[in-house]
Amino acid sequence: MAVLKRSDPVKSVLMAVLKRINQILLFLLVLTFFAIWYSTVYKVSRHKEDEDADEEMEEDVIPVVICAARSRMGATIAAINSIYSNTEANVLFYIVGLKNSIVHIRKWIEGTPLNKIHFKIVEFNPLVLKGKVRPDAAFPELLQPLNFVRFYLPLLIQEHEKVIYLDDDVIVQGDIQELYETKISRGHAAAFSEDCDPRTTQEIVHKEGIQNTYMGFLDYRKKAIQNLHISPSTCSFNPGVFVANLTEWREQHITKQLEKWMKKNVEENLYSSNIGGGVATPPMLIVFHEKYSPITPYWHIRYLGWSPDSPIPESVLREAKLLHWNGRYKPWQHAHSHAKLWDKWFIPDPTRKFQIHKL
């Protein structure tokens, strides 16, 4: 018994040491837990800050979508140059082309002062149009796949809620940020310019007999058109320049609606280039009827390409923010009374593949 009693102090010391070790281990465990927790929360916080910064940067970008057809690439270059030269805004150009043109447009940009612009090349796959476009021997150029790029904006552009779409035959004389800030009303997926609005171009409309109502684009003898219950005297709009809300576009399934009318036209010939001078406009007139916001008239002065001696007043051309050579007389193909307004922005092709030949 005496031996056991003598061992009791040793045992007590060992127990005390073990207790102290357990306390230290517990403290270290708690410390480790808080260190991991702090690290996780800090990382999440920093990640959120980074996301917010990215979103803020995204809001500062003005996305502009423009096509680059091989035979019209000079037009694309002039349009881009006019936009870039007249704004301090952070413009991101989405240049859409077919496989046979994307290498050329990149070389043209990178070999000129335009190498400073921010741009992305997007390849458009024409197979998406299979079975949706009716052949038209009279105006085959109107059936070029890039004419329908505007139908597929949400599929081509994923990163932005709001974008500007421009035809290639435009020159921008104002600050593109003004156009980007066009107010799009709640429930609308886009903003367009009405064809009846401008006092600025009424003279040429009357002189040239330009169609500016739905009657000029749709065949009202067809039952499918009559069933729309749209008055043939309704003012049309021009889809060569517009601002789009891609969130609304997706939610309203605009692309599917446009494809529906493309297919119906293949089956029933509801519209053709012989009626309205184009096959990309009629589906948009139908789908966006009474569902679009207006663009300020001076941000889309058009019809410069309707005749070689367009009678648009010089005062109007000077005040115009955007000029559109819609029509057959393009400034890079024909001698034109307003050609200098386009020539000013053209940059020659460093590869020499594109040449201007004015008739």
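Residues numbered from 1 in each chain as written. Predicted model: local features only at pLDDT ≥ 70, side-chain atom pairs only at ≥ 80, totals over all residues. Heavy atoms only, no water.

Bringing unusual backbone geometry into the picture now. Within the chain, His 229 stands out as a residue other than glycine whose phi angle is a positive 55°. By the secondary structure assignment, His 229 is in the loop between helix 7 (223-226) and strand 7 (237-245). Notably, Tyr 303 is not glycine yet its phi reads approximately 75°, a positive angle. Within the secondary structure, Tyr 303 is located in the loop between strand 8 (293-294) and helix 12 (314-319). (Helix = DSSP H or I, 4+ residues; strand = E, 2+ residues; numbered from the N terminus.)

Within the protein chain, residue pLDDT values average 85, and 76% of them lie at 70 or more. Across residues 1-7 the pLDDT falls below 50, and counting only partners more than four positions away or on other chains, this stretch makes 0 contacts in the model. (pLDDT = per-residue confidence, 0-100. Contact = heavy atoms within 4.5 Å.)

Once that is clear, we can look at the packing of aromatic side chains. Enumeration according to the criterion identifies 16 aromatic pairs in this entry. Centroid distance Trp 108 to Phe 346: 6.2 Å. Interplanar angle 85°. Geometry classified as edge-to-face. With Trp 108 in helix 3 (residues 102-110) and Phe 346 in the segment after helix 13 (339-343), this residue pair connects regions lying 238 residues apart in the sequence. Phe 346 carries the same exposure label as Trp 108, and that label is buried. Consider the rings of Phe 192 and Tyr 292, whose centres lie 5.7 Å apart with planes at 80°: the pair is edge-to-face. (Phe/Tyr/Trp six-rings, centres within 6.5 Å; stacked < 30°, edge-to-face > 60°. Buried < 20%, exposed > 50% of the residue type's maximum accessible area, 1.4 Å probe, protein only.)

Moving on to the nonpolar core. Val 96, Phe 124, Phe 242, Trp 249, Met 284 and Phe 288 are the most contacted members of the largest nonpolar core, which has 51 residues in total. Excluding anything up to four places from it in sequence, Phe 242 contacts Arg 150, Leu 153, Val 163, Ile 164, Tyr 165, Ala 190, Ala 191, Phe 192, Trp 249, Met 284 and Ile 295. Among the nonpolar cores identified, the runner-up in size contains 50 residues, and Ile 83, Ile 109, Tyr 180 and Phe 346 belong to it. (Core = buried A, V, L, I, M, F, W, Y, C linked by side-chain atoms within 4.5 Å.)

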